[in-house]
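# Observations on the model geometry
The lines below spell out each chain.
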Amino acid sequence: MIKRFIIVFLIFIPSLSFSQNKDIELLRFINSSDTRGDRFFKFASNSNNEVILGVPVTMGIMSLIKGDDKMFTNACQMVAADAINLGFTMALKYSINRKRPFETYPDVVKKSDGGGLSFPSGHTSGAFATATTLSLQYPKWYVIVPSYLWAGTVGYSRMHLGVHYPSDVAGGILVGAGSAFLSFKVNKWLNNYSFLKHEHNKKRI
């Protein structure tokens, strides 16, 4: 299971450019009738919403307890990144209108709940929006490594469970990370703008 996990992620990102045949071939390699790892990957997949909601809520509560304005701002920025990500993800889903792999290929084993449209993977985009936001806010290895390890596991789990193509997951990575980066840059620009405006007003006084 671990070997399969590593092999897939070494060739994973270029999957957006795969033909449909290559996409389904890789999915079949990951998703099989073998039940080893099913419970772990179901747990990883199901952890997605709890982490996406729990991290900013926890940061917000801790910031109020500690009186930490920066942490509170970071929590708000993470919520903004999640909102941007959700908007882009849903817009792409309804624009591309791709069916789930188990709906098109009867041999794909559906091992978990998964409905609606397929591209991009919402679980993956949400996980990578959270992981990227945390990594930009706290650029330390002990934040970055576990954040992306968790997000990558969520993405892999969606293929292992048969509910997304590899290209769906690759698309989710790009959308999630891009949304987080956009939110981070906009927040930085707003902070700089507020600072410059404050300094300008001080000089006028």
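A short tour of the structure in this document, coming up.

Definitions and limits used
- Residues numbered from 1 in each chain as written.
- Predicted model: local features only at pLDDT ≥ 70, side-chain atom pairs only at ≥ 80, totals over all residues.
- Heavy atoms only, no water.
- Helix = DSSP H or I, 4+ residues; strand = E, 2+ residues; numbered from the N terminus.
- Contact = heavy atoms within 4.5 Å.
- Buried < 20%, exposed > 50% of the residue type's maximum accessible area, 1.4 Å probe, protein only.
- Arc of directions from axis to C-beta.

## Considerations on the environment of Val51
In this structure, Val51 sits in helix H3 (residues 38-66). Spatially, the C-alpha atoms of Val51 and Ala127 are 8.2 Å apart, while their sequence positions differ by 76 residues. The residues contacting Val51, other than those within four sequence positions of it, are Pro56 and Trp150.

## Remarks on unusual backbone geometry
Pro120 follows Phe119 through a cis peptide bond whose omega is -10°. Residue position: Pro120 is located in the loop between helix H5 (101-104) and helix H6 (122-137).

## A look at helix H2 (residues 20-30)
Residues that lie three or four places apart on an α-helix share one face, since the helix turns once every 3.6 residues. Those residues of H2 not exposed but buried are Asp23, Ile24, Leu26, Leu27 and Ile30. End-on view of H2: buried residues confined to an arc of 160°, all on one side of the axis.

## Overview of the environment of Arg39
Here Arg39 lies in helix H3. Sequence-wise, Arg39 and Leu161 are 122 residues apart; in three dimensions their C-alpha atoms are separated by 10.0 Å.

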